[in-house]
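Given next are the chains, with one letter for each unit.
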Amino acid sequence: MVEHNLQHTISLLVRTPGALSALLRDLPETWTLRNEGADTWSAFDVVGHLIHADRTDWMPRVSTILKFGDGQAFAPFDRWGHVRESQGKSLGQLLDQFANVRAEKLEELHALNLRPEDLERRGRHPALGVVTLSELLATWAAHDLNHLHQMSRVMAHQYRQAVGPFGAYLGVLKCDGHSRP
């Protein structure tokens, strides 16, 4: 197990927009707009969700911890808030917007000049209770990886039948334990 390291977290967070752009930009919509059924997300939806989370979740919660500690719970997060914000946009526009929003939020994080003792400060999650700033920031990075995994799975499942017997060797096609966002 690796302890949380802020610089390692940032090194991952800064790469996610480029990774998504490399994977998704200019792909046919059959790859990017298909999901796994009702109440599931496509790659397009995930990019919208990541933008919404960066704007309304991570840094606002960092600010809440630094201002109020665990005396004030974080504002609840609207997991479906991205739907209305993504309407009428192309995937390319969302990828560009994600890159811009992520850069802005990482600049805000850098400007805080967080010290090791700051990372131990506590906040209050509305469902999970007391969490540390370090846990919140580590979760931001793990959240990116979770959604990269989700997109890979949703996209791979488009070829579930097409791969024929090779599916026996493709673990991504067997992964269905978290088909909901």
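Residues numbered from 1 in each chain as written. Predicted model: local features only at pLDDT ≥ 70, side-chain atom pairs only at ≥ 80, totals over all residues. Heavy atoms only, no water.

Asks: Would you mind showing me how to read the pattern of salt bridges here?
Replies: Side chains that differ in sign of charge can pair as their charged atoms come close. Under the counting rule described, the total for this entry stands at 11 salt bridges. A salt bridge links Asp 54 to Arg 102; the nearest nitrogen and oxygen atoms lie 2.5 Å apart. Of the two residues, Asp 54 is situated in helix 4 (residues 43-68) and Arg 102 in helix 6 (residues 91-111); the sequence distance between them amounts to 48 residues. With respect to class, Asp 54 is no different from Arg 102; both count as buried. (Salt bridge = Lys/Arg side-chain N within 4 Å of Asp/Glu carboxyl O. Helix = DSSP H or I, 4+ residues; strand = E, 2+ residues; numbered from the N terminus. Buried < 20%, exposed > 50% of the residue type's maximum accessible area, 1.4 Å probe, protein only.)

Asks: Can you help me understand the side chain of His 52 in this one?
Replies: Note on placement: His 52 falls in helix 4. What makes His 52 buried here is its relative accessible area of 4%. Filtering out sequence-adjacent residues up to four positions away, His 52 remains in contact with Asp 57, Phe 77, Asp 78, Gly 81, His 82 and Glu 85. (Contact = heavy atoms within 4.5 Å.)

Asks: Mind showing me how you'd approach the packing of helix 2 (residues 16-24) against helix 8 (residues 133-156) here?
Replies: Helix-helix packing is described using two parameters, namely the angle between the two axes and the distance between the axes. Running from N to C, helix 2 and helix 8 cross one another at 10°; their axes reach a closest spacing of 11 Å. On the basis of their axis angle, the class for helix 2 and helix 8 is roughly parallel. Contacts between helix 2 and helix 8 involve Thr 16, Leu 20, Leu 23 and Leu 24 from the first element and Asp 144, Leu 148, Met 151 and Met 155 from the second. When its residues are assigned to classes, the contact of helix 2 with helix 8 shows 6 nonpolar, 1 polar and 1 charged. (Axes fitted to C-alpha atoms, helices over the stretch in contact; angles between N-to-C directions. Parallel < 35°, antiparallel > 145°, perpendicular 65-115°, else oblique. Nonpolar A, V, L, I, M, F, W, Y, C, P; charged D, E, K, R; others polar.)

Asks: How should the nonpolar core be read in this particular structure?
Replies: Nonpolar side chains in soluble globular proteins generally cluster together in the buried interior. With 18 residues, the main nonpolar core has Leu 109, Leu 114, Leu 133, Leu 137 and Trp 140 as its most contacted residues. Secondary-structure elements contributing two or more residues to this core are helix 1 (6-13), helix 4, helix 6 and helix 8. Of all hydrophobic cores here, the second largest spans 16 residues; its members include Leu 24, Val 47, Ile 51 and Phe 98. (Core = buried A, V, L, I, M, F, W, Y, C linked by side-chain atoms within 4.5 Å.)

Asks: Even after reading the chapter, I still don't get unusual backbone geometry, so can you show me in this structure?
Replies: In most cases, non-glycine residues show a negative phi, while peptide bonds are predominantly trans. One non-glycine residue, Asp 26, lies in the positive phi region at around 70°. Accessibility expressed as a relative area gives 74% for Asp 26, which makes it exposed. With phi around 50°, Asn 113 is a residue other than glycine that occupies positive phi space. Locating Asn 113 in the fold gives a position in the loop between helix 6 and helix 7 (116-119).

Asks: Can you help me understand the packing of aromatic side chains in this one?
Replies: Two aromatic rings are characterised by how far apart their centres lie and by the angle between their planes. Tallied over the full model, the rule gives 3 aromatic pairs. An angle of 85° between the planes, with centres 5.3 Å apart, marks the rings of Trp 41 and Trp 80 as edge-to-face. Of this pair, Trp 41 sits in the loop between helix 3 (29-32) and helix 4 while Trp 80 sits in the loop between helix 4 and helix 5 (82-86), placing them 39 residues apart in sequence. For the pair Trp 58 and Trp 140, a centre-to-centre distance of 6.0 Å together with 10° between the ring planes defines the contact as stacked. Note that Trp 58 is positioned in helix 4 and Trp 140 in helix 8, a separation of 82 residues in sequence. Trp 140 gets classed as buried once you look at its relative accessible area, which sits at 0%. (Phe/Tyr/Trp six-rings, centres within 6.5 Å; stacked < 30°, edge-to-face > 60°.)

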